[in-house]
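# Tertiary structure, described
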Amino acid sequence: MKQKRLFIRVLALVLTALLVLGVVVSALLSASAEEQTSARDLYEIDIVMLEDQQALQITQRLTYTNRTGEFLDRVMFALYANCLRRESALFYDADSLFRCFPQGYAPGGIEFSEILVNGAQADWALSGENELFLRVACSLEAGESCVFSFSYHLLLPETAAFLGVGETDWRLINFYPLALKYEYGEFVQPQPNQMSEYVYADSADYSVTLSLPTRYLCVAPGDVLAQTVEGETQVLQIAASGLHSFSMALGMRYRLEEGVSDLGTRVLVYGNDRSGVSKTLSYALRALNLYESWFGPLGGNFCFAQSDYGLSFWVGERLTLLNEELFSDADALMRAICLGILKQYFGYRAYHMPTEDAWMTDSLSEYLYCLGIEALDGHERYLTLLNEEYVPSVQYTIPGNLYITSDVALFSPSEYEEVVVKRGCLVFHEVVTAVGQEAFLDALSIYLEKGRDGRVLGEYDLVDALDEATGQSWEAFLTDWLFNIGEYANQTIDWLE
C-alpha cells in the first residue's frame, strides 16, 4: 500500500514537472518567435558611383517581415527620388526652385532593371501621378518574411536640391526604394514637401557597400566597418542600425574635424571651409552638451556636413547638411546646429506621423532652441530672440484658417514658417510660463521615454507626459493655445517677459 502511494506521488511529481517544463518551453518558444518577429528589417545596399554619368548603379536587398498582423498581398515603397523625373513632380515654390535649380530644371530619378521577390521575378507597378510610389506583389502571412531585390540606376542632375550633384558634394537623401509604414489596413503614402520631414517608415538596419573615387569623403550615419583602396577607387562598408531612413553626402574637398560630447556622443564635422568647420564643431559640442544634460545621450555618431544644398540646412537622421552661407552668420549657424540636434530627439526618437504632426517636431524643437539660447547666453538674449523673431508672427490674421496642427500639405513655405514654426514656438513659451521650465523638461523626458520602444507617438502622448510631470490636466490649456494663439494679436505687447 505504501509502495502504491509512493508510486502515485512520484508519478504526480513527474507529471507536474513535465507540465511546468512544457509551460517554460512554450513561453521560451513564444518569446523567441516574438523576438524574431519584432527584429528590424535589413536593407543591404550596394552602390557604385558612376561619376562621369552623374549616376549611381545600385543593387538592393530588403529582408522584410510582415508585422501588420494581417495577410499582405503587396508591399508599397516610396520612390521619392522620382520627384526629379519631371518638373511637375517637384515640391518647391518658385523662389526655392530657382535656388535649387539655378541653371534650370534637369531630370533625374530611378530606372529599374529588375525587381525580385525571394529570387523570382516580381509583379510590380509604379503608382501615383508622378510615380513616387511602387507596388510589389507578394504573399506574406502575418509574421512571415521575404526578400525584395532591386537593381536600378539613379540619375542625379546637377542641382542644389535634396538629391543631386553640386560643385563640391553629392547629396543622397531618400534615394532608394523605402518600404512604407502600414496602418489601419493600408500603406501610408505621405507626399514630399520642402518644409518638413515626410518619410514615414519603420526603423530598420542598414548594411551599405559604397564604391567611389578616393578623392571623396563619405558622410553617413553609422560606422565605417572597412575600407579598401585599389588605385583611385575606394570601397567602404558602412553599418547603421535603427534608422527610419538612410542618407549620405559625398564631398570632393572635405576635411574632417571631430569631438566627443560629455556623455560620449561622437560629433563629426565635414567641410571645405577650415574656420567654418572648427566653428561648427565648437557650436555643436556646446549645444549637444546642454541638450544631452536635459534629455540624455544621443550616443553613436552624429554628422554635420557643409553642402551645396540650396535651402540653408537639411536635417536627417544623425546627419545635418549646412549651406556654406551659414558659416558667415553665427546666429543662423547656431540655430541650424541646435535644430539638427533637437530633431534627433523630437523627430526620430519620439517618432510620429511627420506630415500630420509636424508641429510636434518643428514647433517644439524651435522653442527648445530658444530655451537653449537662454541657458547658453542668458535670459535677456532669450527675451530679445522671442520678441524680435517670433512675436511679430502673431500680429496678422491666420491665413486660410490654418492652425499650428494643420497638415503640412495645406501650407505654403512662408505660411508654414509663420504659423507652425514661429507661432508654435510661442505656444510652448506659454506652456512653460504656466507649468514651469523644470516640469516642462521633466515632461519631455517622459515623452521621449514613451517613444523608446519605437512606437508611433501622438498629441495625446505629449499631453499625458505633461499631466504626469505636473499632476494636473493640461489638455484644455494646450488645445486652446494651439488654436487660439491669435489672442496675442488682441493685446498690446511691448515686450514679452
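Presented here is an overview of the structure given in this document. Note that the structure is predicted; figures quoted are calculated from it, not measured.

Turning our eyes to something else, we now look at the overall build of the protein chain. Helix and strand content of the protein chain: 10 helices and 23 strands. Summarising the internal contacts of the protein chain: among those between residues at least 6 apart in sequence, 68% fall at separations of at least 24. Summing over all exposed atoms, the protein chain offers an accessible surface of approximately 21,900 Å²; the carbon and sulfur share of this is 50%.

Once that is clear, we can look at the sheet that holds strand S16 (residues 223–230). Within a sheet, each strand pairs with its neighbour through backbone hydrogen bonds, oriented either parallel or antiparallel. Reading across from one edge, S5-S4-S8-S2-S1-S14-S17-S16 is the order of the eight strands in this open sheet, with mixed pairing throughout. Looking at strand neighbours, the two that pair on one side only are strand S5 (120–121) and S16, the edges of this open sheet. Two strands pair when backbone bridges link them, and strand S1 (residues 41–50) and strand S14 (residues 204–213) are joined in this way by eight bridges, in the parallel orientation. Among the inter-strand pairings, Ile45 is bridged to a residue of S14, identified as Val208.

Time to look at empty space enclosed by the protein. The final tally for this structure, using the stated rule, is one cavity of 30 Å³ or more. Computed from the structure, the largest cavity encloses a volume of approximately 40 Å³. As for the largest cavity, its lining consists of Ala78, Leu79, Tyr80, Asn174, Tyr176, Leu178 and Ser245. Of the residues contributing to the lining of the largest cavity, the split by class is five nonpolar, two polar and no charged.

This brings us to the packing of helix H3 (residues 274–295) against helix H4 (residues 330–349). One can describe the packing of H3 onto H4 by two numbers: an axis separation of 10 Å at closest approach and a directional angle of 40°. Between H3 and H4, the interaxial angle falls into the category oblique. For H3 against H4, the interelement crossing comes out right-handed. Only Ala330, Leu333, Met334, Ile337, Cys338, Ile341, Leu342, Tyr345, Phe346 and Arg349 of H4 make contact with H3, whose side of the interface consists of Lys279, Thr280, Tyr283, Ala284, Arg286, Ala287, Leu288, Tyr291, Glu292 and Phe295. Per-class residue counts for the contact of H3 with H4 are 15 nonpolar, one polar and four charged.

Attention now goes to the side chain of Ser245. Mapped onto the fold, Ser245 is located in the loop between strand S17 (233–243) and strand S18 (248–251). When sequence neighbours within four positions are dropped, the list of residues in contact with Ser245 reads Asn174, Tyr176, Leu178, Val199, Tyr206 and Glu317.

So, on to the environment of Thr159. Looking at the element boundaries, Thr159 is found in the loop between strand S8 (145–155) and strand S9 (164–165). With relative accessibility at 5%, the residue Thr159 sits in the buried group. Those residues in contact with Thr159 that sit more than four places away from it in its chain are Cys100, Phe101, Gly164, Val165, Gly166 and Arg171. In terms of polar contacts, Thr159 uses its side chain to reach the backbone amide nitrogen of Ala161, at 2.9 Å.

Attention now moves to helix H9 (residues 459–470). Between its first and last C-alpha, H9 extends 17 Å over 12 residues, near the 16 Å set by a 1.5 Å rise per residue. Residues of H9 that are buried include every one of Asp461, Leu462, Val463, Ala465 and Leu466, and no others. Looking at the buried positions of H9, the neighbouring elements they touch are helix H5 (359–377), helix H7 (413–435), helix H8 (437–450) and helix H10 (475–484). Of the residues one or two after H9, Gly471 is the one with positive phi, at around 75°.

The next thing to look at is the pairing of S16. In terms of residue burial, S16 counts as a barely covered element, since only zero of its eight residues are buried. Note: S16 against S17, seven bridges, orientation antiparallel. Bridging across to S17, Asp223 finds its partner in Ala239. Linking S16 back to S17 in an antiparallel pair, the connection comprises two residues, with Gly231 at a positive phi of about 65°.

Here we take up the pattern of salt bridges. Summed over all chains, the structure comprises 19 salt bridges. Across the pair Arg286 and Asp377 runs a salt bridge, and its minimum N-O distance is 3.2 Å. Linking Arg286 in helix H3 with Asp377 in helix H5, this pair joins segments that are 91 residues apart in sequence. Ionic pairing is found between Arg381 and Asp331, a salt bridge with its closest N-O pair at 3.7 Å. Separated by 50 residues along the polypeptide, Arg381 in helix H6 (residues 379–390) and Asp331 in helix H4 bring together distant segments of the chain. Taking the relative accessible area as the measure of exposure, Arg381 reaches 25% and is therefore partly exposed. For Asp331, a relative accessible area of 47% gives the class partly exposed.

Running from amino to carboxyl end, H7 crosses H8 at an angle of 115°, the nearest separation of the two axes being 7 Å. On H8, the residues that touch Phe428, Val431, Val432 and Val435 of H7 are Gln437, Ala439 and Phe440. A class-by-class count of the residues in the contact of H7 with H8 yields six nonpolar, one polar and no charged.

Cut-off values and rules
- Residues numbered from 1 in each chain as written.
- Predicted model: local features only at pLDDT ≥ 70, side-chain atom pairs only at ≥ 80, totals over all residues.
- Heavy atoms only, no water.
- Helix = DSSP H or I, 4+ residues; strand = E, 2+ residues; numbered from the N terminus.
- Contact = heavy atoms within 4.5 Å.
- Areas by Shrake-Rupley, 256 points an atom, 1.4 Å probe, with all protein chains shown as cover.
- Pairing = 2+ DSSP bridges.
- 1 Å grid on protein atoms, 1.4 Å probe; cavity = no way out; pocket = protein on both sides within 12 Å on 5 of 7 lines; lining within 4 Å.
- Points joined across faces, edges and corners; volume = space filled by probe spheres on them.
- Nonpolar A, V, L, I, M, F, W, Y, C, P; charged D, E, K, R; others polar.
- Axes fitted to C-alpha atoms, helices over the stretch in contact; angles between N-to-C directions.
- Parallel < 35°, antiparallel > 145°, perpendicular 65-115°, else oblique.
- Left-handed = near helix turned anticlockwise from the far one by under 90°.
- Buried < 20%, exposed > 50% of the residue type's maximum accessible area, 1.4 Å probe, protein only.
- Polar contact = N/O pair within 3.5 Å; in protein donor to acceptor, adjacent residues only side chain to side chain.
- Expected span 1.5 Å × (residues − 1).
- Salt bridge = Lys/Arg side-chain N within 4 Å of Asp/Glu carboxyl O.

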